[in-house]
Amino acid sequence: GEDVEQSLFLSVREGDSSVINCTYTDSSSTYLYWYKQEPGAGLQLLTYIFSNMDMKQDQRLTVLLNKKDKHLSLRIADTQTGDSAIYFCAESIDNQGGKLIFGQGTELSVKP
Amino acid sequence: NAGVTQTPKFQVLKTGQSMTLQCAQDMNHNSMYWYRQDPGMGLRLIYYSASEGTTDKGEVPNGYNVSRLNKREFSLRLESAAPSQTSVYFCATRIGTGEKRTEAFFGQGTRLTVV
């Protein structure tokens, strides 16, 4: 079955870069997503990458995709305390009616 | 333009009671989803509906039923609540599988406690 795996916690110092990693299993995924969840709130889309791309940059965010290894990463440059949140990786399985599967979420803690 | 609205926001149930969680969207999206979020488990898909008139099981459907009442509304029913169903429930919507760039929009969640 489909599975998306992430490490649960990451702690960094303000100003450092954060790298959050994700592995997925379904090779038919068309899009892979990163979502952010702040305390007490729903999820909001941060960025996405199409499966035929290797890299996507969006301001402080860089997404890297290694399709061979089914590995996705999110790099946040110059991490700020406001970036503290839970980050979810997700894959869209379009050959199953658009099933959207999420990982466990990585809790990012940014220390001043 | 409310987006995705879930009701109620909070609920406490006794074991064995039933209830329905409601979700409504005003974005004219085809696909709707129900997830539960538990610490360390991420979001797990309970059921989804790719379009009006269809529903499919997700990863953890046992103990739940759904109804896609119309294009706007997708409800989740717990027939006989159990403490293991204590969780935060999220409804989400997407334009649909025909559109490749399909961001999911989430409701604010329903915090359910079963005692």
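Please refer to the structure placed before this passage.
Residues numbered from 1 in each chain as written. Chains lettered and ligands numbered in written order. Predicted model: local features only at pLDDT ≥ 70, side-chain atom pairs only at ≥ 80, totals over all residues. Heavy atoms only, no water.

A word on the overall build of chain B. Assigned secondary structure in chain B consists of zero helices and 11 strands. Tracing chain B from N to C terminus, the helices and strands come up as β-β-β-β-β-β-β-β-β-β-β. Its C-alpha atoms give chain B a radius of gyration of 13 Å, near enough to 13 Å, the size a compact globule of 115 residues would have. Dimensions along the principal axes, computed over C-alpha positions, put chain B at roughly 40 × 25 × 25 Å. For chain B, the accessible area works out to roughly 5,400 Å², and carbon and sulfur atoms hold 48% of it. Between the averaged position of the 13 positive side-chain charges in chain B and that of its 9 negative side-chain charges there is a distance of 4 Å. (Helix = DSSP H or I, 4+ residues; strand = E, 2+ residues; numbered from the N terminus. Rg over C-alpha atoms; globule rule 2.2 N^0.38 Å. Areas by Shrake-Rupley, 256 points an atom, 1.4 Å probe, with all protein chains shown as cover. Lys, Arg positive; Asp, Glu negative; His and termini not counted. Charge placed at Lys NZ, Arg CZ, Asp CG, Glu CD.)

With that out of the way, let us pick up the side chain of Arg94(B). With respect to the helices, strands and loops of the structure, Arg94(B) is situated in strand S9 (residues 87–94). There is a polar contact of 3.1 Å between the side chain of Arg94(B) and the side chain of Ser92(A). (Polar contact = N/O pair within 3.5 Å; in protein donor to acceptor, adjacent residues only side chain to side chain.)

Another point: the interface of chain A and chain B. Taken together, the 24 residues of chain A in the interface contact 22 residues of chain B. For the chain A and chain B pair, buried surface summed over both sides reaches about 1,900 Å², with 55% attributable to carbon and sulfur atoms. It is Leu43(A), Leu100(A) and Phe102(A) that lose the most area in chain A upon contact with chain B, and together they represent 22% of the buried surface on that side. At the junction of chain A with chain B, the criterion picks out zero salt bridges. At the junction of chain A with chain B, the criterion picks out six residue pairs in polar contact (both at pLDDT 80 or more). (Contact = heavy atoms within 4.5 Å. Buried area = accessible area lost by both parts, 1.4 Å probe. Salt bridge = Lys/Arg side-chain N within 4 Å of Asp/Glu carboxyl O.)

To continue, consider the layout of surface pockets. Over the atoms, a rolling probe the size of a water molecule traces out where space has been left empty. Volume-wise, the largest pocket comes out at about 620 Å³. As for the largest pocket, its lining consists of 30 residues, and the residues nearest its centre are Gln37(A), Gln37(B), Val88(B), Phe90(B) and Arg111(B). Broken down by secondary-structure element, the contributors of at least two residues to the lining of the largest pocket are strand S9 (85–93) and strand S11 (106–111) of chain A together with strand S4 (31–38), S9 and strand S11 (110–114) of chain B. Empty space within the second largest pocket amounts to approximately 240 Å³. Take the lining of the second largest pocket: its biggest share by element is three residues, from strand S5 (residues 43–50) of chain A. Of the residues belonging to the lining of the second largest pocket, the class tally is eight nonpolar, four polar and three charged. (1 Å grid on protein atoms, 1.4 Å probe; cavity = no way out; pocket = protein on both sides within 12 Å on 5 of 7 lines; lining within 4 Å. Points joined across faces, edges and corners; volume = space filled by probe spheres on them. Nonpolar A, V, L, I, M, F, W, Y, C, P; charged D, E, K, R; others polar.)

What follows covers the sheet that holds strand S3 (residues 18–24) of chain A. Strand-to-strand pairing in sheets goes through backbone hydrogen bonds, with the strands running parallel or antiparallel. All names here are of chain A. Spatially, the five strands line up as an open sheet ordered S1-S3-S8-S7-S6, and their pairing is antiparallel. Looking at the sheet topology across the chains shown, the edges are occupied by strand S1 (4–6) and strand S6 (55–58). Each neighbouring strand pair of the sheet contributes to a mean axis angle of 15 degrees, computed without reference to strand direction. Pairing geometry for strand S7 (residues 61–66) and strand S8 (residues 71–76), over six bridges, is antiparallel. The partner of leucine 64 across the bridge, within S8, is serine 73. (Pairing = 2+ DSSP bridges. Axes fitted to C-alpha atoms, helices over the stretch in contact; angles between N-to-C directions.)

Bringing the packing of aromatic side chains into the picture now. Think of a pair of aromatic rings as described by two things: how far the centres are apart, and how the planes are tilted against each other in angle. Inspection of every chain in the model, using the stated rule, returns 14 aromatic pairs over all chains. Taken together, a centroid distance of 6.4 Å and an interplanar angle of 80 degrees make the contact between Phe90(B) and Phe106(B) edge-to-face. One end of the pair, Phe90(B), is in strand S9; the other, Phe106(B), is in strand S10 (residues 105–106), and 16 residues separate them in sequence. By the burial criterion, Phe90(B) is buried, and Phe106(B) matches it. Taken together, the ring pairs connect Tyr31(A), Tyr33(A), Tyr35(A), Tyr48(A), Phe50(A), Phe88(A), Phe102(A), Tyr33(B), Tyr35(B), Tyr48(B), Phe90(B) and Phe106(B) into an aromatic cluster. (Phe/Tyr/Trp six-rings, centres within 6.5 Å; stacked < 30°, edge-to-face > 60°. Buried < 20%, exposed > 50% of the residue type's maximum accessible area, 1.4 Å probe, protein only.)

Moving on to the environment of Phe50(A). Residues and elements named next belong to chain A. One can find phenylalanine 50 in strand S5. Residue classification places phenylalanine 50 among the partly exposed positions, given a relative accessible area of 28%. Each C-alpha atom, one on phenylalanine 50 and one on cysteine 89, is 14 Å from the other, the two residues being 39 residues apart in sequence. Leaving out residues up to four positions away in the same chain, phenylalanine 50 has contacts with Thr30, Tyr31 and Leu65.

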